[in-house]
Amino acid sequence: MPFLKSYAADAGVREVFEEVTDLFEGWATTGERLYRGPSAFSPGERELIVSYVSALNACEYCFGSHSQIAQAWGIDSSVIDALMENIDTSDVSSALKPVFHFVRKLTQEPARMTQADADAVTAAGWNERAYHEMVILCCRMNFMNRLSDGFGLAPPDADMMKQAAQRLVSRT
């Protein structure tokens, strides 16, 4: 149940954005470009990254949404579980492992980021554009996790979200 009584029980991010459009002007557009626009990361990889960040933050609302979208892009749900258990033994490419180490540290220990963290990502073959995208994906999802939890948004219905994710992927 959302914390603000003016919101319906099933209110989501859209309702929050619509309530104060002047504060969120451009935010949804930025998200759409980030998730669906040209990128060094596939749409599934981007959704996996933001699902992972949401899992780290235990944000049920964002995890519920983005993990379904990742699955619609062909990412098996066991991959997120494996990442949470141990990035190095997970079934993601060796190039993606430094990305997940980076976003985990940026999410959980941002003040401890070092040059070595950045160097591991670029040594895995990611260029500066990909680096920008990785950092922005992580930052945006941390923001969205705080927004969702700060408003008390309930996780979306899994079946409904699965159908919405499949529609989103089919029109992309």
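First, a word on what this report is: a plain description of the structure on this page.

Parameters and conventions
Residues numbered from 1 in each chain as written. Predicted model: local features only at pLDDT ≥ 70, side-chain atom pairs only at ≥ 80, totals over all residues. Heavy atoms only, no water. Helix = DSSP H or I, 4+ residues; strand = E, 2+ residues; numbered from the N terminus. Contact = heavy atoms within 4.5 Å. Polar contact = N/O pair within 3.5 Å; in protein donor to acceptor, adjacent residues only side chain to side chain. Axes fitted to C-alpha atoms, helices over the stretch in contact; angles between N-to-C directions. Parallel < 35°, antiparallel > 145°, perpendicular 65-115°, else oblique. Nonpolar A, V, L, I, M, F, W, Y, C, P; charged D, E, K, R; others polar. Phe/Tyr/Trp six-rings, centres within 6.5 Å; stacked < 30°, edge-to-face > 60°. Buried < 20%, exposed > 50% of the residue type's maximum accessible area, 1.4 Å probe, protein only. Salt bridge = Lys/Arg side-chain N within 4 Å of Asp/Glu carboxyl O. 1 Å grid on protein atoms, 1.4 Å probe; cavity = no way out; pocket = protein on both sides within 12 Å on 5 of 7 lines; lining within 4 Å. Points joined across faces, edges and corners; volume = space filled by probe spheres on them.

### Notes on the environment of Arg36
Inference 1: Of note, Arg36 is situated in helix α3 (residues 27-36).
Inference 2: Sequence spacing of Arg36 and Val169 is 133 residues, and the spatial spacing of their C-alpha atoms is 9.6 Å.
Inference 3: Non-local contacts of Arg36, meaning those with residues more than four positions away in its chain, are made with Arg46, Glu47, Ile69, Trp73, Leu168 and Thr172.
Inference 4: At a separation of 2.9 Å, a polar atom in the side chain of Arg36 contacts the side chain of Glu47.

### Concerning the packing of helix α5 (residues 60-72) against helix α9 (residues 128-150)
Inference 1: Where α5 meets α9, the closest approach of the two axes is 8 Å, and the angle between their N-to-C directions is 125°. Compared by their axis directions, α5 and α9 come out oblique. Of the residues in α9, those touching α5 at Tyr61, Cys62 and His66 are Met141, Met144, Asn145 and Ser148.
Inference 2: Taken together, the residues of the contact of α5 with α9 sort by class into four nonpolar, three polar and no charged.

### Considerations on the packing of aromatic side chains
Inference 1: With the rule as written, the count across this model stands at six aromatic pairs.
Inference 2: Summarising the aromatic geometry, the rings of Phe102 and Tyr131 are spaced 5.4 Å apart at their centres and angled 70° between planes, so their arrangement reads as edge-to-face. Taken together, the positions of Phe102 in helix α7 (residues 97-108) and Tyr131 in helix α9 put the pair 29 residues apart, joining distant regions of the chain.
Inference 3: On the basis of relative accessibility, which here comes to 5%, the residue Phe102 falls in the buried class.
Inference 4: For Tyr131, a relative accessible area of 25% puts it in the partly exposed group.

### Details of the pattern of salt bridges
Inference 1: Taken as a whole and assessed by the stated rule, the structure comprises four salt bridges.
Inference 2: Arg36 is the partner of Glu47 in a salt bridge, and the nearest nitrogen-oxygen pair spans 2.9 Å. Residue Glu47 is found in helix α4 (residues 43-56), and its partner Arg36 is found in helix α3; the two are separated by 11 residues along the sequence. For the pair Glu47 and Arg36, a shared accessibility class is recorded, and that class is buried.
Inference 3: Of the charged contacts in the structure, one is a salt bridge between Glu133 and Arg129, with a shortest N-O distance of 2.8 Å. With Glu133 and Arg129 both in helix α9 and four residues apart, the pair spans about one turn of that helix.
Inference 4: Glu133 sits in the buried class, given a relative accessible area of 7%.

### A look at the environment of Cys139
Inference 1: Looking at the element boundaries, Cys139 is found in helix α9.
Inference 2: Measuring from C-alpha to C-alpha, the distance between Cys139 and Val16 comes to 19 Å, with 123 residues separating the pair along the chain.

### Re the layout of surface pockets
Inference 1: The computed volume of the largest pocket comes to approximately 1200 Å³.
Inference 2: Taken together, 33 residues make up the lining of the largest pocket; nearest its centre are Val13, Arg14, Tyr61, Ser65 and Met161.
Inference 3: Elements represented by at least two residues in the lining of the largest pocket include exactly α1 (13-19), α3, α5, α9 and α10 (158-171).
Inference 4: Per-element accounting of the lining of the largest pocket gives the leading share, seven residues, to α10.
Inference 5: Grouping the amino acids of the lining of the largest pocket by side-chain chemistry returns 19 nonpolar, four polar and 10 charged.
Inference 6: The space that makes up the second largest pocket amounts to roughly 170 Å³.
Inference 7: Thr30, Arg33, Leu34, Pro38, Ser39, Arg46, Arg129, His132, Glu133 and Ile136 are the residues that line the second largest pocket.
Inference 8: For the lining of the second largest pocket, the secondary-structure elements that each account for two or more residues are α3 and α9.
Inference 9: Looking at the lining of the second largest pocket element by element, the count peaks at four residues for α9.

All we've got here are geometric facts, nothing functional implied.
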